[in-house]
Amino acid sequence: RYGVIHLAFGIIGSASGGVLARSLWRRRGRGSNLLTGTICFGAMGIPAVLGTTVSDAMTAALLLGLTMGLAQGPAGANIAAIQEIVPNRLRGRVTAIFYAVMAVSGITLGPLLIGLMNDYLFVDPMSVGKSMSLTALMTLPISSLLLFVAYRRRKALEWVG
């Protein structure tokens, strides 16, 4: 059930993120892709924190599915934002670096942080949910804030030459 929920919310989130980005683009123009990430990461905090701490399995699966949908929402908008900001001759390299950093940090830093918190902060093997919840609580607001700052300073990020 969790796999189906995860798959469905991921697909819905990706499509919804594109619709949100396009809608914001019509109203605000350039920079809307950064704003899409800001909104999705900001909204992701609540289901991400609750999804790993609730006791009911179906509620947890639905909350984590919603988290997945919100995580997938800005996927296309992130790459579009890179295309807006980076000069033509560097777009391929910067996009590759973006994906490499996302993959390596997601594969190494996330699990490492959760494991360290579980071992040294909560000191209980059954507290993985608390560690995941705290990680979301620490990282998602910061991510959303950084994207918002980038959105507000977008003109300074655009390539001039």
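Residues numbered from 1 in each chain as written. Predicted model: local features only at pLDDT ≥ 70, side-chain atom pairs only at ≥ 80, totals over all residues. Heavy atoms only, no water.

Participant: How do you make sense of helix α6 (residues 128-152) when you look at a structure like this?
Facilitator: Given 3.6 residues to a turn, an α-helix orients residues that are three or four positions apart in the same direction. For α6, with 25 residues, the first-to-last C-alpha span of 36 Å sits near the 36 Å given by 1.5 Å per residue. Those residues of α6 not exposed but buried are G129, S131, S133, T135, A136, L140, S144, L147, A150 and Y151. (Helix = DSSP H or I, 4+ residues; strand = E, 2+ residues; numbered from the N terminus. Expected span 1.5 Å × (residues − 1). Buried < 20%, exposed > 50% of the residue type's maximum accessible area, 1.4 Å probe, protein only.)

Participant: I keep staring at the packing of helix α2 (residues 32-51) against α6 and nothing clicks. Help me out?
Facilitator: Between two packed helices, both the angle of their axes relative to each other and the distance between the axes serve to describe the pair. Where α2 contacts α6, the axes come no closer than 8 Å and their chain directions differ by 165 degrees. It follows from the interaxial angle that α2 and α6 lie roughly antiparallel. In terms of crossing hand, the pair formed by α2 and α6 is left-handed. Only S133, A136, L137, L140, S143, S144, L147, F148, A150 and Y151 of α6 make contact with α2, whose side of the interface consists of S32, L34, L35, G37, T38, F41, G42, M44, G45, A48 and V49. Grouping the amino acids of the contact of α2 with α6 by side-chain chemistry returns 13 nonpolar, eight polar and no charged. (Axes fitted to C-alpha atoms, helices over the stretch in contact; angles between N-to-C directions. Parallel < 35°, antiparallel > 145°, perpendicular 65-115°, else oblique. Left-handed = near helix turned anticlockwise from the far one by under 90°. Contact = heavy atoms within 4.5 Å. Nonpolar A, V, L, I, M, F, W, Y, C, P; charged D, E, K, R; others polar.)

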